[in-house]
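Residues per chain, in single letters:
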Amino acid sequence: MFFPSSRYLKSLLLSSVLALSVTGTAFAHQHKQHQHEQHQQHKHDAHDNHQTIMVMDGYARATFALAKTGAVYFTLHNSSTSPITLTGVDVDSSVADDAQIHTTVMQDEMMQMREVSEGVVVKPNEKVMFKPGGYHVMLLGLSKGLEEGSEVPLTLHFKEGETMEIELEIVLPVKKDGEANHHHHKDHH
């Protein structure tokens, strides 16, 4: 009789979660020492006490082949009753060297990108859009250009209150959009 290994089950579960995120929505919850089956049940239970953050409409913008930077956009929806702060982003090292939260600011009559080191707060029952001309995730040191149809694995780090930390692993599709040449950085800080 075949019994799947724990590693196989984790891989299968991760694949299921990543498939969910590719379709545009992923869920994150407080990390606890539950079995994966219990965690999945809680994730879909509308009456549980877990705080929830959703990632919707996410994608990485396709780049030219030798690009060294790329941009990622999505909408965060906080469906909880407490503010949640996006504190950082990690990118898979096969894609880029670093991922940073950036915003666009007007300085000396020029639009410039700046790193957001204090994080981005998503108020209870509200959404924050990461879009061209506003908040976005900047991928620095791309190993190769982002080709349409490929995927970008990211880990989003959140903090709720003073103690609870949430980690959300997502995989976003790479697509083209009409905002060509929008994200070229001269100053990365």
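Fair warning: this is a prediction, and the values are worked out from it, not measured in the lab.

1. As for the overall build of the protein chain
The secondary structure content of the protein chain amounts to two helices and eleven strands. When its helices and strands are written in sequence order, the protein chain yields α-β-α-β-β-β-β-β-β-β-β-β-β. In the protein chain, once contacts between residues fewer than 6 apart in sequence are set aside, the share between residues at least 24 apart is 70%. Within the structure as shown, the protein chain displays about 11,200 Å² of accessible surface, and the carbon and sulfur contribution to it stands at 51%.

2. A closer look at the nonpolar core
Counting 35 residues, the largest nonpolar core has L76, L139 and L156 as the members making the most contacts within it. Considering every element that reaches this core, the biggest residue donor is strand β11 (residues 164–175), with six residues. Excluding residues within four positions of it along the chain, L156 makes contact with V55, F74, L76, L86, G88, V89, I166, E167, L168 and I170.

3. Digging into unusual backbone geometry
The residue D108 is not glycine, and still its phi comes out positive at about 50 degrees. Positive phi is not limited to glycine here, since N125 has a value of about 55 degrees. By secondary structure assignment, the location of N125 is in the loop between β7 (120–122) and β8 (126–130). According to the relative accessible area criterion, N125 is exposed, its value standing at 53%.

4. Describing the packing of aromatic side chains
Aromatic ring pairs: the centre-centre distance and the angle between the two ring planes describe each pair. A full pass over the atoms with the stated rule returns three aromatic pairs. Seen in terms of ring centroids, F74 and F130 are 4.6 Å apart; in terms of plane orientation they differ by 20 degrees. Their pairing is stacked. Of this pair, F74 sits in strand β3 (residues 69–78) while F130 is found in strand β8, placing the two residues 56 residues apart along the sequence. For the pair formed by F74 and F130, the shared burial category is buried. Through a chain of ring-to-ring contacts, three or more aromatic side chains come together here, namely F74, F130 and Y135.

Reading the values: the criteria
Residues numbered from 1 in each chain as written. Predicted model: local features only at pLDDT ≥ 70, side-chain atom pairs only at ≥ 80, totals over all residues. Heavy atoms only, no water. Helix = DSSP H or I, 4+ residues; strand = E, 2+ residues; numbered from the N terminus. Contact = heavy atoms within 4.5 Å. Areas by Shrake-Rupley, 256 points an atom, 1.4 Å probe, with all protein chains shown as cover. Core = buried A, V, L, I, M, F, W, Y, C linked by side-chain atoms within 4.5 Å. Buried < 20%, exposed > 50% of the residue type's maximum accessible area, 1.4 Å probe, protein only. Phe/Tyr/Trp six-rings, centres within 6.5 Å; stacked < 30°, edge-to-face > 60°.

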